[in-house]
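# A look at the structure
Listed below, chain by chain, are the residues.
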There are 6 protein chains.
Amino acid sequence: MSRIDGRTPDQLRPVTIQRGWSKHAEGSVLISFGDTKVFCTASVTEGVPRWRKGSGEGWVTAEYSMLPRSTNTRGDREAVRGKIGGRTHEISRLIGRSLRAVIDFKALGENTIVLDCDVLQADGGTRTAAITGAYVALADAITWAQGKKLVKHGRQPLTGTVSAVSVGIVDGVPLLDLCYEEDVRAETDMNVVCTGDGRFVEVQGTAEAEPFARDELNALLDLAVTGCTTLDAAQREALAATL
Amino acid sequence: MSRIDGRTPDQLRPVTIQRGWSKHAEGSVLISFGDTKVFCTASVTEGVPRWRKGSGEGWVTAEYSMLPRSTNTRGDREAVRGKIGGRTHEISRLIGRSLRAVIDFKALGENTIVLDCDVLQADGGTRTAAITGAYVALADAITWAQGKKLVKHGRQPLTGTVSAVSVGIVDGVPLLDLCYEEDVRAETDMNVVCTGDGRFVEVQGTAEAEPFARDELNALLDLAVTGCTTLDAAQREALAATL
Amino acid sequence: MSRIDGRTPDQLRPVTIQRGWSKHAEGSVLISFGDTKVFCTASVTEGVPRWRKGSGEGWVTAEYSMLPRSTNTRGDREAVRGKIGGRTHEISRLIGRSLRAVIDFKALGENTIVLDCDVLQADGGTRTAAITGAYVALADAITWAQGKKLVKHGRQPLTGTVSAVSVGIVDGVPLLDLCYEEDVRAETDMNVVCTGDGRFVEVQGTAEAEPFARDELNALLDLAVTGCTTLDAAQREALAATL
Amino acid sequence: MSRIDGRTPDQLRPVTIQRGWSKHAEGSVLISFGDTKVFCTASVTEGVPRWRKGSGEGWVTAEYSMLPRSTNTRGDREAVRGKIGGRTHEISRLIGRSLRAVIDFKALGENTIVLDCDVLQADGGTRTAAITGAYVALADAITWAQGKKLVKHGRQPLTGTVSAVSVGIVDGVPLLDLCYEEDVRAETDMNVVCTGDGRFVEVQGTAEAEPFARDELNALLDLAVTGCTTLDAAQREALAATL
Amino acid sequence: MSRIDGRTPDQLRPVTIQRGWSKHAEGSVLISFGDTKVFCTASVTEGVPRWRKGSGEGWVTAEYSMLPRSTNTRGDREAVRGKIGGRTHEISRLIGRSLRAVIDFKALGENTIVLDCDVLQADGGTRTAAITGAYVALADAITWAQGKKLVKHGRQPLTGTVSAVSVGIVDGVPLLDLCYEEDVRAETDMNVVCTGDGRFVEVQGTAEAEPFARDELNALLDLAVTGCTTLDAAQREALAATL
Amino acid sequence: MSRIDGRTPDQLRPVTIQRGWSKHAEGSVLISFGDTKVFCTASVTEGVPRWRKGSGEGWVTAEYSMLPRSTNTRGDREAVRGKIGGRTHEISRLIGRSLRAVIDFKALGENTIVLDCDVLQADGGTRTAAITGAYVALADAITWAQGKKLVKHGRQPLTGTVSAVSVGIVDGVPLLDLCYEEDVRAETDMNVVCTGDGRFVEVQGTAEAEPFARDELNALLDLAVTGCTTLDAAQREALAATL
């Protein structure tokens, strides 16, 4: 069986990771998963939110948003509607949790890093591209903070790597990294966030049409782990280059 | 090993399901999972949201909320703060999706059922208790709608049963149905929504401290399926009684 | 003349006051006036709002809300609409003022007590049931604060008791404690808040259809005082029991 | 005993009612009760709110607001804070109810009249001045609507007159028409809305310091009726003049 | 050519400036440009916004608003809609910038002056009337602050005078001080804020129908400077009178 | 005198205009004025806002926004704060007016085009870059609409071209196209929107420090016209290329 765009079921779309895409941010990445493009910036500020003051620990959080015409038909701006929608909230929280899973807050010290993930163009998998790109921006921001001595000598706030991919069952076949058209037709849709050593940070599976069985769940997890392994390599390669 | 409240790792807290707790709602349930108490009402209205008009299909949605003092320390009212928080949004959406998984919208016809799940007292597992209780309220509301001829003769909008439970790893041990104290200490926390025939509607696993391995995920899923089987029986028993 | 539910004009509906309905709150009551059920919790926190800091005086405030399906047809959640409605504001303020009328703020010290009154089921008289129940929750919270030494030895913040009841003229007849059907048909509607010694804390009379004459006002006040005397006894009886 | 401003206990402040203060509004009044000045406009539009369409009946509603520097210290604008406060809501509703008490909605036909009452300068009694002035603006707007044939020939939507005054107990003495300084010191504060024939539309009494006894309530009501009689005469005189 | 109201092209409408229109505000003015009436108050408070603390410099800001029925058809209240509209924001910012142009913040010291400009009746040119009137209220407020020793001896925070006027091209003819009917028909509309010495603080020209040429721009600027010279004289005359 | 970045006073920064930057939008442009980068999309929808229905005329509007980290220090998201700020409102309105100045609404027919201008990186002049880029996106969207027969044969909705540039006086010298550092230091700041034939659509000059004299204004307008002539050529060149 061949997919809409000619991929095999276990094949990712072409992934590109461009670092240093902003002259202002301490870390910045334009990541693409095929036609999905997300602009991720990491902003470092000294100090932490009030509830964490004096703890000696830092904080990492994220905000996700879609530009109004990142999608096929224009959506209203949430700023104009005056409130953040449920989906936006949910994805922002997911990105934040995913990145916090690989942070040693003691090592970060009382600094805050905010990851802004703005979708410039959407074609499925925006949240997984956001997590994968935000990790790279976060790594660059931490290197910057180390250079500025905001993070103390000899400490490494990053405890691992993290990437994410979507998987789903379309016409009964488990597929890796769904594009929008596949996502719409998926019976089951799952987003999986993995660390570089193959463990799970988040597993979010949803039956869109039919409930899914245990063996389907297993097949999807297998695909996702494979995908994250490839994304992990792409992140390492991007970070290995000189900025 | 014994748990905080003396349960075995694979033991649910005592579950009670009281139907008919409201004189106004078409379906209503006060459900408790131990000290967690959620009041679920199902409200039937003729007609559907604008985007669904003329489709011949119905709609089911849910709203979740915690009373300000349902928790150990009082939380601000979202109505007073003027916006719904991210967690509330996320859980409302989860409840709605879970119930829609067992609805045949054609059979429901152009009717809308809103499930309101208000947490009167919280001790962990409020979203899973809400789903489990809301299913019973939904079933009663559908029976009511059939009696009122809103749903056509010979059609059954409910295509299955659905319940939910939380599982997590605490001190390295997989546990079923976490109470609040366990939830706070859990390394991994997962909410699982199952149909009565043992398939999955939602699987949401989050590493709170450490990423989790595949075998840990499997152990948690096993526990969850066991728990949902028991909850499914409790729902059937509750619905078998005369209202 | 007999009323819809068989009561005499000067008869209250059955009143029940269940204390200790929440395991978390410092004071909690489920009160019912017939089919009207309000869940009242009292939350004690050390400290006072900014504008009162350093005064040596405490603060008592209240928030009232109706669950969306507490009424015959479902109402929108105020949190979802993003703002508190005028009626909710008005009743919250009334409850707060009524309870503050029997508080010695110096004796309370710099502590704040918030009364949350959430209507689980509405059948007329929700604000008066809320005041009557909230008083009992408040009394329990103060006892708790005394036990915790938040309130200094030998001081009694409660200076009296307070209860409330609705009265109205229906078909020309003054009636005590209107249920919803009576309330809708009332020509005049009045809510009266009394202390245990028969004085007034609030008198709010509204002509719904026809302006009312002085003698009608007097007849309504007579009824209200009678009703509050009975409610005062019910409060005392509830508080006399062991929690 | 003499009052702060030299009045006797049963004396109103000087009342002025200037009609036609706006070139745009169908009815408009600048009313002053001493230093309290309220600008009241009545706006007529054909048609009624959605929930009243097809009823053949009209609608009257009101919005009250204080300019930010109408008070001694500047208050935040509610538009800037993004929400209407509880007190504003409460007073807007009170004004609306008071005016609706003297309207025959059938005679008004499907027209809506909105009364805007904006406090230009506050010195106590703003809500009672607003009601008293809004009545005059409303009367002029109805005359305008009759001239435009929006109201059918031979019908009189106004069924009576309405005015309002505050009363209160200060240092144990019942006083009529409290200015701000008296209002702040009042033990009991009451706002009374009367029709021209001496009946009550609204009675809102609040114990600010001490609960009040029945005889105090009676003394206050006596004063209020006297005051409204005088205000009624001032309204008639204003309306008798050529606009 | 004669204008709608009989003026010559370079003629202002009658201007009146009444000082001391509020008993509470430190400076207050009711200004009229023909039928446009704006009530301007200046409120002085010690201290400055957080971002300016410790700078030794003061702050001046403004808020503009239209009463709902200041216009020909009633507009919704921004407080009720829960947000400030774009036009209101824009004009508030313009007024604030215009007044800050003639303030020496060092001389003002750490004091804040807020100008509230509320349009009671609108007939074109509300923003220019607001600036012109607010300047006078500001001058009175500064005199007050000097009297209270909030502003140090020998310092003059006002560095000049400022006034504003609208100009526009109607049917090809440049006109000064447009009334509403002219404004609606204008091909080009410009608001000009000048200091008393004939220099510019703000120039905001907008092509409403056709782009405008350089010579048209010049003709409009000539008219505006003439108008501001007259307004400057009116301000001086008003301020010369005893308050 | 040499500028911060080595330009002469009348020199623009390097301008790039990349068309077709979005696969979804009917017109899309990434424009840069030096380090200022704005992503402009044009979205075409059939139909017009309610107030324009049945007029036979179309509508063009714009929304401007800055990504949170487009600036040197991260700004809060307006969607998170729940309201659009005054500056955002003002610039959105300016962009919309500027583009409407070159549209024949009759020729456009009842279609709406929304221009979204999202600042990816800011270094001064974001609003002028937005207008200049949005014009190109608008032109592409109109071509698209003509291809889809949404715009009738033989009609050209675009009546001209429009571009914009900032000018200002820094250290007494009039400069073209200010970068951020220059903008901050400018005594006078002006944004000018011109049509391709050298006429003005908008002129917005603001004295930031000192009021400006007529000859300064003239010098700035001269510079701006020169700049817009160059931008007009860049737009034509970009549109002449095959998409």
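Residues numbered from 1 in each chain as written. Chains lettered and ligands numbered in written order. Predicted model: local features only at pLDDT ≥ 70, side-chain atom pairs only at ≥ 80, totals over all residues. Heavy atoms only, no water.

### Quick look at the interface of chain F and chain E
At the junction of the two partners, chain F supplies 27 residues and chain E supplies 27 residues. Buried surface at the junction of chain F and chain E, both sides included, amounts to about 2,600 Å², of which 50% is carbon and sulfur. Linking chain F with chain E are six salt bridges. Remark: the boundary between chain F and chain E carries 19 residue pairs in polar contact (both at pLDDT 80 or more). Contributions of two or more residues to the side of chain F that touches chain E are made by helix H2 (86–100), strand S9 (200–207) and helix H6 (214–240) of chain F. Top element by residues in the side of chain F that touches chain E is S9(F). It accounts for eight residues. Each residue belonging to the side of chain F that touches chain E can be placed in one class, and the counts come to 10 nonpolar, eight polar and nine charged. Of the strand pairs in this sheet, strand S9 (residues 200–207) of chain E and S9(F) are connected by five bridges, and their pairing is antiparallel. Within S9(F), the residue paired with E:Val203 across the bridge is F:Gly205. (Contact = heavy atoms within 4.5 Å. Buried area = accessible area lost by both parts, 1.4 Å probe. Salt bridge = Lys/Arg side-chain N within 4 Å of Asp/Glu carboxyl O. Polar contact = N/O pair within 3.5 Å; in protein donor to acceptor, adjacent residues only side chain to side chain. Helix = DSSP H or I, 4+ residues; strand = E, 2+ residues; numbered from the N terminus. Nonpolar A, V, L, I, M, F, W, Y, C, P; charged D, E, K, R; others polar. Pairing = 2+ DSSP bridges.)

### Notes on the relation of the copies chain A and chain F
Expressed as a screw operation, the relation of chain A to chain F combines 0.0 Å of axial shift with a rotation of 180°, fitting to an RMSD of 0.0 Å. Overall, the copies show the geometry of a two-fold rotation axis. Residues of chain A ranked by C-alpha distance from the rotation axis are headed by A:Ala79, positioned 1.8 Å from it. With an isologous cut-off of 70% or more, the 100% of interface residues of chain A that recur at the interface of chain F puts this contact in the isologous class. (Least-squares fit on C-alpha atoms with pLDDT ≥ 70 in both.)

### Some remarks on the UniProt feature "domain: Exoribonuclease phosphorolytic" (unreviewed entry) in chain A
Under the local residue numbering, the UniProt record ascribes the feature "domain: Exoribonuclease phosphorolytic" (unreviewed entry) to residues 11–141 and 161–226 of chain A. Helix makes up 30% of residues 11–141 of chain A and strand 32%. Its end C-alpha atoms lie 30 Å apart. (UniProt positions renumbered as here; feature names shortened; annotations may be inferred.)

### A closer look at the interface of chain A and chain F
Counting residues at the interface gives 37 residues for chain A and 37 residues for chain F. Taking both sides of the interface into account, the surface hidden between chain A and chain F amounts to around 2,900 Å²; carbon and sulfur atoms contribute 50%. Taken as a group, A:His24, A:Arg69 and A:Arg77 account for 24% of the area that chain A buries against chain F, more than any other trio of residues on that side. Linking chain A with chain F are 16 salt bridges, by the criterion used here. Measuring nitrogen to oxygen at the nearest pair gives 2.8 Å for the salt bridge that ties F:Glu63 to A:Arg77. The interface formed by chain A and chain F includes 24 residue pairs in polar contact (both at pLDDT 80 or more). Broken down by secondary-structure element, the contributors of at least two residues to the side of chain A that touches chain F are strand S3 (36–46), strand S4 (59–66), helix H1 (78–81) and strand S5 (111–121) of chain A. Residues belonging to the side of chain A that touches chain F are distributed by class as follows: 14 nonpolar, 10 polar and 13 charged.

### A look at the relation of the copies chain F and chain E
Of the transformation superimposing chain F on chain E, the axial component is 0.0 Å and the angular component is 180°, with the fit at an RMSD of 0.0 Å. Both copies share a contact surface, since 100% of the interface residues of chain F are interface residues in chain E too.

### Structural notes on helix H4 (residues 126–147) of chain D
All names here are of chain D. Taking 1.5 Å per residue, 22 residues should reach 32 Å; H4 reaches 31 Å between its end C-alpha atoms and fits that length. For H4, the tally of buried residues reaches 18 of 22 residues, placing the bulk of the element in the interior. Backbone geometry just downstream of H4 places Lys149 in the positive-phi region, at approximately 65°. (Expected span 1.5 Å × (residues − 1). Buried < 20%, exposed > 50% of the residue type's maximum accessible area, 1.4 Å probe, protein only.)

### As for the sheet that holds strand S8 (residues 188–195) of chain A
Taken in spatial order, the eight strands of this open sheet run S7(A)-S6(A)-S8(A)-S9(A)-S9(B)-S8(B)-S6(B)-S7(B), and their pairing is antiparallel. The open sheet has two free edges, formed respectively by strand S7 (173–176) of chain A together with strand S7 (173–176) of chain B, since each of these has just one partner strand. Neighbouring strand axes in the sheet, compared pairwise and without regard to direction, differ in orientation by 15° on average. Inspection of the sheet shows strand S6 (residues 162–170) of chain A paired to S7(A) by four bridges, in the antiparallel sense. Bridge pairing links A:Val167 to A:Leu176 in S7(A). Taken strand by strand, helix H2 (residues 86–100) of chain B contacts strand S9 (200–207) of chain A together with strand S6 (162–170), strand S8 (188–195) and strand S9 (200–207) of chain B, and its axis lies near 150° from that of S9(B). Across the sheet, helix H6 (residues 214–240) of chain B touches S9 of chain A together with S6, S7, S8 and S9 of chain B, and the angle it forms with S6(B) is around 145°. (Axes fitted to C-alpha atoms, helices over the stretch in contact; angles between N-to-C directions.)

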